[in-house]
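Take a look at the letters that make up each chain.
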Amino acid sequence: MPGVYAVGVVDWDRRLFEDLMPIHQGTSYNAYLIKGSEKTALVDTVDPAKKDEFFSNLKKVGVERLDYIISNHTEQDHSGCIPDVLSAYPGAKVVTNTKCKELLMDHLHLSEDVFVVIQDEESLSLGDKTLVFKLAPWVHWPETMFTYLVEDKILFTCDFLGSHLATSELFAVEEERVYIGAKSYYAEIMMPFRDHVKRHLEKIEKLPLAYIAPSHGPVYHKPEFILQAYRDWSSDEVKNRAVLACVSMHDSTALMSEYLVEALVNRGITVDRFNLTYTELTNLSMALVDAATILLGTPTMLVGPHPFALSAAYLINVLRPKARLLGLYGSYGWGSRVVDIINQNLRLPQAKTLEPVLIKGLPRKEDFQKLDNLAEEVKRHHQEWGLLA
Ligand code: FEO
């Protein structure tokens, strides 16, 4: 696209995001330079760890003068190099909304006089190119916004619609890899804000779009690819799948898990089972995007849940998946407060909670019957929702 340059950096080696979520395919921090006939603007910057590569990319493009730094989001993987850019181009102004300005001042200690504050739908002329700003709060911070380049029909969405994928391809041509990178990104970053995602998708649908240029992963040259994926993930529709997240200490809960997997599969339900001792949280998070049912299996440790199960419960609670059924099962030694503690930490407002199956010691015949009843109840609901024939 004449006058628009990708100046971001691919982070091939990054394997953990926010010191929590594994990312299998690396990631990128995208920034874009837009040269208009009169003014030049930079859309976002990159993670400070990649500052040198970023400035090298700016040099390759040849930026003699920079008028504006558009900041779509405060988080430092996009804003972290703004102070360095301001030092390199002292005349540049940071263009953003009121909330983002406030947060950038907190997080980067920028001074008030470097800002130009814009309102929703306000435009900024670069001469023969026009930017229009679209406030898009809560995908995923309160200050997030999009920038639309009118003449070239490019929407810069920052985190929204992004993917964790390191690739030398500028565009999303490797669709299978991009889909996985985008789904994991959605699960971990956007899913808690599903209602806002839906609202912003509706807003985007009205725009003529040639490209969607996020700040992680490749540029979408076929915007419908990612828009349709986001419509699916954020919709209220669930799939005939049960996520079974479990951990065991002395095999009693493991035996229950094995039995429950089979009981569900025999009833026509697809199961995604995760041993919480070994599983990567990214895989669990991705499975939560579509599942109709979530079942948590835990032994009792010092009267409470196993710490890994409690951690999973907390994670599920904050990610707020759209599942409609929640269940709990496990074994205890002499007494247990597992049900109370899990209930305090895992509440999905739209989900019905099934009767927990907590048993003492090694499961007996009647305990397996309780698991059959649990599986039958899951099946009954899936049937009622039209997920099963
Ligand atoms: Fe990619 Fe919210 O930062």
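Each remark here, short or long, concerns the structure printed above.
The shown structure was predicted, so the numbers you read here are calculated from the model rather than taken from an experiment.

Draft legend 1. How the structure looks around the environment of D67. The residue D67 is located in the loop between helix 1 (51-61) and strand 8 (68-70) in this model. Using a relative accessible area of 9% as the deciding quantity, one classes D67 as buried. For the pair D67 and P22, spaced 45 residues apart in the sequence, the C-alpha separation amounts to 37 Å. Setting aside residues no more than four positions away along its own chain, D67 makes contact with E38, K39, T40, G91, A92 and K93. Here R65 takes part through its side chain, which lies 2.4 Å from a polar atom of the side chain of D67.

Draft legend 2. Structural detail: helix 11 (residues 338-345). For helix 11, every residue scored as buried is listed here: V338, I341 and I342. Mapping the buried residues of helix 11 onto a view down its axis gives an arc of 95°, with all of them on the same face. Next to the buried residues of helix 11 lie strand 18 (291-297), strand 19 (300-301), strand 20 (304-305), helix 10 (307-319), strand 21 (325-332) and strand 23 (357-360).

Draft legend 3. How the structure looks around the layout of surface pockets. What the largest pocket holds in volume is close to 270 Å³. Of all the elements in the fold, those that place two or more residues in the lining of the largest pocket are strand 2 (9-11) and strand 5 (27-29). Across the lining of the largest pocket, the residue classes tally to eleven nonpolar, seven polar and one charged.

Draft legend 4. How the structure looks around the sheet that holds strand 13 (residues 145-149). Taken in spatial order, the five strands make up an open sheet running 11-12-13-14-15, and their pairing is mixed. Unpaired on one side and paired on the other, strand 11 (123-125) and strand 15 (211-214) mark the two borders of the sheet. Between one strand axis and the next, the sheet turns by 20° as a mean value, whatever way the strands run. As paired strands, strand 13 and strand 14 (residues 154-158) are joined by three bridges and run antiparallel to one another. Note on strand 14: the bridge partner recorded for Y148 is L155.

Draft legend 5. The arrangement of the pairing of strand 7 (residues 40-43) in detail. Here strand 7 shows two buried faces, one formed by T40 and L42 and the other by A41 and V43. Judged from the four bridges that link them, strand 6 (residues 32-35) and strand 7 form a sheet pairing that is antiparallel. Following the sheet pairing, L33 is matched in strand 7 by L42. Linking two consecutive strands that pair antiparallel, namely strand 6 and strand 7, is a turn of four residues. Two strands pair when backbone bridges link them, and strand 7 and strand 8 are joined in this way by three bridges, in the parallel orientation. Bridge pairing in strand 8 links A41 to Y68. Taken together, strand 7, helix 1 and strand 8 form a β-α-β motif whose crossover is right-handed.

Draft legend 6. Region of interest: the side chain of T147. Looking at the element boundaries, T147 is found in strand 13. Under the relative-accessibility criterion, T147 is labelled buried at 0%. For T147, the side chain forms a polar contact with the side chain of N72, separated by 2.8 Å.

Draft legend 7. Structural detail: empty space enclosed by the protein. Counted according to the given criterion, the structure contains one cavity of 30 Å³ or more. Empty space within the largest cavity amounts to approximately 30 Å³. What lines the largest cavity is simply N72, H73, V139, T144, M145, F146, T157, C158, D159 and F160. When contributions to the lining of the largest cavity are tallied by element, the ones reaching two or more residues are strand 13 and strand 14.

Draft legend 8. Region of the structure containing the pairing of strand 13. In terms of burial, strand 13 is a largely internal element, five of the five residues being buried. Because side chains alternate across strand 13, one face comprises the buried residues M145, T147 and L149, and the other comprises F146 and Y148, equally buried. Note: strand 12 (residues 130-135) against strand 13, five bridges, orientation antiparallel. Its bridge partner being in strand 13, L135 is matched across the sheet by M145.

Draft legend 9. Here's a closer look at the nonpolar core. Counting residues in hydrophobic clusters, the biggest one holds 57 residues, and the most contacted among them are F160, L161, M190, Y220, I226 and Y230. No other element matches the seven residues that helix 5 (residues 175-190) contributes to this core. Aside from chain neighbours lying at most four places away, what touches F160 is V139, F146, M190, V197, H200, L201, I204, P214 and Y230. Of all hydrophobic cores here, the second largest spans 27 residues; its members include F17, V46, V94 and F115.

Parameters and conventions
- The written sequence of each chain sets the order in which its residues are numbered from 1.
- In keeping with the predicted nature of the model, local features appear solely for residues at pLDDT of at least 70, side-chain atom pairs appear and are counted solely at 80 or more, and the whole-chain, interface and lining totals rest on all residues.
- Calculation of side-chain values draws on the structure's entire complement of heavy atoms; hydrogens and water are dropped beforehand.
- In DSSP terms, a helix is any run of H or I states spanning at least four residues, a strand is any run of E spanning at least two, and both are numbered starting from the N terminus.
- Residue burial is assigned from relative accessible area. The probe radius is 1.4 Å, only protein chains are included, and a residue is buried under 20% of its type maximum, exposed over 50%, and partly exposed in between.
- In what follows, a contact means two residues having at least one pair of non-hydrogen atoms within 4.5 Å.
- N or O atoms closer than or at 3.5 Å make up a polar contact, with two conditions inside protein: a donor-capable atom paired with an acceptor-capable one, and, for residues adjacent in sequence, both atoms drawn from side chains.
- Note that the arc is computed from the directions linking the helix axis to the C-beta atoms.
- In this analysis, the protein atoms alone were mapped onto a 1 Å grid. Cavities are point sets where a 1.4 Å probe fits without being able to get out; pockets are open sets with protein on both sides within 12 Å along at least five of seven lines; lining residues have an atom within 4 Å of a point.
- Grid points are joined across faces, edges and corners, and a volume is the space filled by probe spheres set on the points.
- Residues are sorted three ways: Asp, Glu, Lys and Arg are charged, Ala, Val, Leu, Ile, Met, Phe, Trp, Tyr, Cys and Pro are nonpolar, and all the rest, Gly among them, are polar.
- Here, strands pair whenever DSSP counts at least two bridges between them.
- Working convention: axes come from line fits to C-alpha atoms, limited for helices to the stretch in contact. Angles between N-to-C directions cover 0 to 180 degrees.
- Call a crossover right-handed when, viewed with both strands pointing away from you, the route from the first strand across the helix to the second goes clockwise.
- In this text, buried Ala, Val, Leu, Ile, Met, Phe, Trp, Tyr and Cys residues form a nonpolar core when linked through side-chain atoms within 4.5 Å.

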